[in-house]
Amino acid sequence: MKIADLHEDISWGTSQYFNDTINGPAQSSIAQLAKFDQALVFAAIYPHVRTWNEDADKVITLYGRVTNPTHFSFDLILDHLKFYYYLERRGLVKIIKGPDDSLGKVNIIISLEGTDALRDIYDLYILKNLGVRVIQLTWNYDTKFAASCNSKKDYGLTGEGEELVRLADDIGLLIDLAHASRQTVLDVASISKKPIIVSHANARKLKDSRRNLDDEMIEAVVKTGGVIGVTAIPSLLPKPSIEGVVDNIRYIGENYGWEHVAIGTDFLGMYPDEVISGFESIEKLSTLNSILGDKTDTVLWKNAYNLLKYIKY
């Protein structure tokens, strides 16, 4: 069985939760991924340091539990990159940089979560040379490029944000709209020449949350040929169980096309006690085989794998 996950915080899980993300039994690890015939993970760089300030109120309201606000650090981008390249030097993963790369056993696409630390759009050239292939426009904070899901004034893409999206298209980086505001999703969909991904979010029709996508947002992503990664974050599910994940997969697949839905667990980025019933670790993806039937390979592998043709060396 082949599996793909549009969002795991492998480096964050190591640096912030002190998980053994190589051999450990927590939400995910390289050893667990290696149990599948082949694995492809969009591995996040989350360049944020935990802190405590007034932003806590916004984040706690969003997730419904005590959650640290953060501040960003460009240095952390480098630290997380070093970790991923360490894994590759150890022969534990293969970093995929272009569509012609042959896949190994455990493969990662490096993704930057949030543009908070970018000085200007030309940082994309540097990030690409360092191996980053996916740019998520926001975390839960507004940036000079785009409004986040937590924005008090949803201004969507800024002028500089439009330039960033166009540059990403031109140089072969994918745009990820997880955590983005409604208007940001609609704005990006109107100008992007490539499929958009929303790496870890669910349908707002099933659970009303600013982190989830309403039907117009889903339709906008789908019209670009994009893919939505259904996530295991409990506060974004109609029920905190694998059945809640399946409900979202079916909602998107049946209403918008099975080629537009995948998995984006957010494993290792969630608190250790946030795992949901029946989906305590990445290994439990195997249980979806009997539930999804002939859609299993499409949802758990093909839709994410097909995105590789849109990245460039």
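Higher on the page you've got the structure.
The shown structure was predicted, so the numbers you read here are calculated from the model rather than taken from an experiment.

A. Structural view of the overall build of the chain. Across its full length, the chain holds 11 helices and 11 strands. Relative to the globule expectation of 20 Å for 313 residues, the C-alpha radius of gyration of the chain, 17 Å, shows essentially globular dimensions. Each principal axis of the C-alpha atoms in the chain carries an extent, and together these give about 45 × 45 × 40 Å. Taken over 313 residues, the chain has a buried fraction of 61%.

B. Seen up close, empty space enclosed by the protein. Enumeration according to the criterion identifies 2 cavities of 30 Å³ or more in this entry. As a volume, the second largest cavity reaches approximately 40 Å³. In terms of lining residues, the second largest cavity is bounded by C149, L177, A178, H179, A180, V198, A201, R210, R211, N212, L213 and M217.

C. Region of interest: the pairing of strand β7 (residues 132-136). With respect to burial, β7 is a largely interior element, 5 of its 5 residues being buried. Between the parallel elements strand β6 (residues 106-113) and β7, the chain passes through helix α5 (residues 123-129) in a crossover that is right-handed. Pairing of β7 with strand β8 (residues 174-176) involves 3 bridges; the strand directions are parallel. Bridge assignment links I135 to a residue of β8, and that residue is I175. For the crossover that starts at β7, traverses helix α6 (residues 159-171) and ends in the parallel β8, the hand is right-handed.

D. Region of the structure containing the side chain of D169. The topology assignment puts D169 in helix α6. Within the buried core, D169 has no salt-bridge partner, and the shortest N-O distance to an opposite charge, that of K194, equals 5.1 Å. If near-sequence neighbours (up to four positions away) are discounted, D169 is found in contact with I191, S192, K193 and K194.

E. Representation of the environment of F145 within the structure. Relative to the elements of secondary structure, F145 occurs in the loop between β7 and α6. Looking at F145, the relative accessible area reads 0%, which means it is buried. Between the C-alpha atoms of F145 and G159, which are 14 residues apart in sequence, the distance is 7.5 Å. With sequence-adjacent residues up to four places away left out, F145 is seen in contact with T115, L118, D120, I121, G156, L157, T158, E160, G161 and L164.

F. Examining the packing of aromatic side chains more closely. By the definition in use, this model includes 8 aromatic pairs. Taking 6.0 Å as the distance between ring centres and 55° as the angle between the ring planes, the aromatic pair formed by F83 and Y84 counts as tilted. Each of the two residues, F83 as well as Y84, counts as buried. Here F267 and F279 contribute two aromatic rings whose centre-to-centre distance is 5.1 Å and whose plane-to-plane angle is 65°, an arrangement assigned as edge-to-face. Placement of F267 in the loop between β11 (261-263) and α10 (288-292) and of F279 in the loop between β11 and α10 is noted, with a sequence separation of 12 residues between them. Judged by its relative accessible area of 0%, F267 is buried. Taking the relative accessible area as the measure of exposure, F279 reaches 1% and is therefore buried. One aromatic cluster is present, built from ring pairs that chain together W12, Y46, W139 and Y141.

The rules behind these values
Residues numbered from 1 in each chain as written. Predicted model: local features only at pLDDT ≥ 70, side-chain atom pairs only at ≥ 80, totals over all residues. Heavy atoms only, no water. Helix = DSSP H or I, 4+ residues; strand = E, 2+ residues; numbered from the N terminus. Rg over C-alpha atoms; globule rule 2.2 N^0.38 Å. Buried < 20%, exposed > 50% of the residue type's maximum accessible area, 1.4 Å probe, protein only. 1 Å grid on protein atoms, 1.4 Å probe; cavity = no way out; pocket = protein on both sides within 12 Å on 5 of 7 lines; lining within 4 Å. Points joined across faces, edges and corners; volume = space filled by probe spheres on them. Right-handed = clockwise from strand over helix to strand, strands pointing away. Pairing = 2+ DSSP bridges. Lys, Arg positive; Asp, Glu negative; His and termini not counted. Salt bridge = Lys/Arg side-chain N within 4 Å of Asp/Glu carboxyl O. Contact = heavy atoms within 4.5 Å. Phe/Tyr/Trp six-rings, centres within 6.5 Å; stacked < 30°, edge-to-face > 60°.

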